[in-house]
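Listed below, chain by chain, are the residues.
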Amino acid sequence: MMTERIERATRPRLLILAVLALVFGAGMLAAAPFAAAQSGKQTAAQPKLPPRIEQRILAATPQDIAEGQRIAQASCAGCHGADGISGTPQTPHLAGQRPVYLYMELNAYRTGTRSATAMEGVLKKYLSEDALINLAAFYASLDPPPPSATGAHQPIDPVQAGRKAAGSCAGCHGERGVSKMAGMPSLVGFDPKYFIAATRAYQNGQRKDDTMKAISESLSNEDLNNIALYYALEKPERAQTPAPGDAARGRAAAAPCSSCHGETGVSSSAANPSVAGQDAEYLTLAMKAYKDGSRSDETMRTAMANIDDKTIADIAAFYAAQQPRAPNVRRPLTTEEWAQRCDRCHGLNGNSTDPRMPALAAQRVEYLERVLASYRAHTRKSSEMAAMSDALRESDIKNLAAHYARQRARAVIFINTPGR
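Residues numbered from 1 in each chain as written. Predicted model: local features only at pLDDT ≥ 70, side-chain atom pairs only at ≥ 80, totals over all residues. Heavy atoms only, no water.

Student: So what's going on with the overall build of the protein chain? Which residues, and what values?
Tutor: The number of helices and strands found in the protein chain is 21 helices and two strands. Buried residues in the protein chain amount to 47% of all 420 residues. Of all intrachain contacts in the protein chain linking residues separated by at least 6 positions in sequence, the fraction that spans at least 24 positions is 77%. Accessible surface, the protein chain: about 21400 Å² in total, of which carbon and sulfur atoms supply 54%. (Helix = DSSP H or I, 4+ residues; strand = E, 2+ residues; numbered from the N terminus. Buried < 20%, exposed > 50% of the residue type's maximum accessible area, 1.4 Å probe, protein only. Contact = heavy atoms within 4.5 Å. Areas by Shrake-Rupley, 256 points an atom, 1.4 Å probe, with all protein chains shown as cover.)

Shown next, in the form of structure tokens:
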């Protein structure tokens, strides 16, 4: 039954492909039947296969596809489904996927460029180049999967989520993180990486404070990331607290600190906190804690070793009087903005019009999440995807995966046209 459907559906298409391949040669034109023309501009550099292989994939005959179906039923259907639509969360749909991309990925498993025990066992032992070509042509000939109804994920604004999660901090650290209580630090003006590292120091006991330890342990990683981002994007102001030291004397005493904390207390490194506009009493307590070893940091312990209490108060007063500046942090892109970037290569709404570029529309949401996380961790290799995914947050990955899983997948016919 499936063989009849495949041959009936592909015979006219394959006849056109074969004739045009013989007459015209190397160019390719993508057309989406029963749908408006794709408008997503695709720009990423694609790996090149020998022209003979691409031509064979794109001009596959009904016999090639029938052979691909036979191989798929024997070797692939158990994981990817008899019709190329997977029923397993971490296993991708293959039906309607772009043919040259499918061949390249299958060949990567066969040659060991990509690693997966189940895939390698089948591809290395049993499948030849011809078999991979036929498999790719078979899966590309199938109807794509329907959009996912279970991939819905409510987009989260991490800044608003951070504002909400930081609500309990206002009692001590002030509205918007600007302290009004002597001895309590302001939280604005920190690079998120420093803010997260400092909070985790309370979690692991490197910094001693029972209240902060309890609060920090109650935060999930996502909560902590969102809070750090929220405070980083708030307009920084000086703490609204007294600074009893001599700021003028403190300027000269603070000169050695500028190499790490900046000339006026605005750090250029995420490893070192900005201290401009910080509460003076908190700065005094922190410097004394480094001096006596109750807060652990060898660089700060050495710097404070010979500084008396009066000078510490003066340094604190100097920094408290300085104008804080916002760190160099951008507001995260929305899911729509991320998708616009992805569509440049993967086609409008994830429907690629390049036979070498995978379609994302209607793919399994769990698989998309896993792949994006792998690119971000650089365990799956691609220079383009590494550059794109480095800035993705956990919520971005979930939202993007859900976005593409919900899109309607469209089949594409690749027709050879005259070369330029």
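Past the structure itself, the notes keep going.
Student: Break down the nonpolar core for me, with residues and values.
Tutor: Counting residues in each nonpolar core, the largest one holds 30 residues, and the members touching the most others are Leu49, Ile57, Tyr103, Leu127, Leu135 and Tyr139. If you list the elements that add at least two residues to this core, you get α2 (51–58), α3 (62–75), α5 (99–111) and α7 (129–141). Considering each element in turn, this core owes the most residues, eight residues, to α7. When residues no more than four places from it in sequence are discounted, the contact partners of Tyr103 are Leu49, Ile53, Ile57, Glu129, Leu132, Ile133 and Ala136. (Core = buried A, V, L, I, M, F, W, Y, C linked by side-chain atoms within 4.5 Å.)

Student: Please set out the packing of α3 against α7 residue by residue, giving values where relevant.
Tutor: One can describe the packing of α3 onto α7 by two numbers: an axis separation of 7 Å at closest approach and a directional angle of 95°. Classified by the angle between their axes, α3 and α7 sit roughly perpendicular to one another. Touching Asp64, Ile65, Glu67, Gly68, Gln69, Ile71 and Ala72 of α3 are Ala131, Asn134, Leu135, Ala137, Phe138, Tyr139 and Ser141, all from α7. Residues belonging to the contact of α3 with α7 are distributed by class as follows: eight nonpolar, four polar and two charged. (Axes fitted to C-alpha atoms, helices over the stretch in contact; angles between N-to-C directions. Parallel < 35°, antiparallel > 145°, perpendicular 65-115°, else oblique. Nonpolar A, V, L, I, M, F, W, Y, C, P; charged D, E, K, R; others polar.)

Student: So what about helix α17 (residues 309–320)? Which residues, and what values?
Tutor: Residues spaced three or four apart along an α-helix face the same direction, because each turn holds 3.6 residues. Taking 1.5 Å per residue, 12 residues should reach 16 Å; α17 reaches 16 Å between its end C-alpha atoms and fits that length. Among the 12 residues of α17, nine are classified as buried, and the element is accordingly described as predominantly covered. Along α17, the residues classified as buried are Thr311, Ile312, Asp314, Ile315, Ala316, Ala317, Phe318, Tyr319 and Ala320. On its buried face, α17 is in contact with α13 (247–253), α15 (280–292) and α16 (298–304). Of the residues flanking the start of α17, the one acting as N-cap is Asp308, its side-chain oxygen 3.1 Å from the backbone nitrogen of Lys310. (Expected span 1.5 Å × (residues − 1). Polar contact = N/O pair within 3.5 Å; in protein donor to acceptor, adjacent residues only side chain to side chain.)

Student: Outline the side chain of Gln97, listing residues and values.
Tutor: One can find Gln97 in the loop between α4 (77–80) and α5. Taking relative accessible area as the criterion, Gln97 reaches 7% and is therefore assigned buried. At a separation of 2.7 Å, a polar atom in the side chain of Gln97 contacts the main-chain amide nitrogen of Ala359. With residues up to four places along the chain from it excluded, the contact list for Gln97 reads Leu102, Tyr139, Ala140, Pro358, Ala359 and Gln363.

Student: Describe the pattern of salt bridges, naming the residues involved and giving the relevant values.
Tutor: A side chain of one charge can pair with a side chain of the opposite charge if their charged atoms are brought near each other. Counted under the stated rule, the structure contains 17 salt bridges. Put simply, Glu54 and Arg356 hold a salt bridge, and the shortest N to O gap is 2.8 Å. Here Glu54 is found in helix α2, whereas its partner Arg356 is found in the loop between α18 (335–346) and α19 (365–376), with 302 residues between them in sequence. When sorted by exposure, Glu54 lands in the same class as Arg356, which is buried. Overlapping salt bridges bring together Glu54, Asp354 and Arg356 as one network. (Salt bridge = Lys/Arg side-chain N within 4 Å of Asp/Glu carboxyl O.)

Student: Before we move on, can you summarise the environment of Asn107 with the specific residues and values?
Tutor: Structurally, Asn107 can be placed in helix α5. Classification of Asn107 as buried rests on a relative accessible area of 19%. Within the structure, the side chain of Asn107 is placed 3.0 Å from the side chain of Arg110, a separation counted as a polar contact.

Student: Before we move on, could you go through unusual backbone geometry and cite the residues and values that matter?
Tutor: Backbone geometry places Asn349, a non-glycine residue, at a positive phi of 60°. The topology assignment puts Asn349 in the loop between α18 and α19. Taking relative accessible area as the criterion, Asn349 reaches 31% and is therefore assigned partly exposed.

Student: Mind laying out the confidence of the model for the protein chain, listing which residues take part and the relevant values?
Tutor: Taken as a whole, the protein chain shows an average pLDDT of 86; of its residues, 85% reach a score of 70 or greater. For the protein chain, helix α1 (residues 2–24) is the element with the lowest average pLDDT, namely 40, and α17 is the one with the highest, namely 98. Across residues 1–26, confidence stays below pLDDT 50; counting only partners more than four residues off in sequence or on other chains, it has 47 contacts. pLDDT under 50 marks residues 33–43. Its contacts with residues more than four places away, or in other chains, come to 28 contacts. (pLDDT = per-residue confidence, 0-100.)

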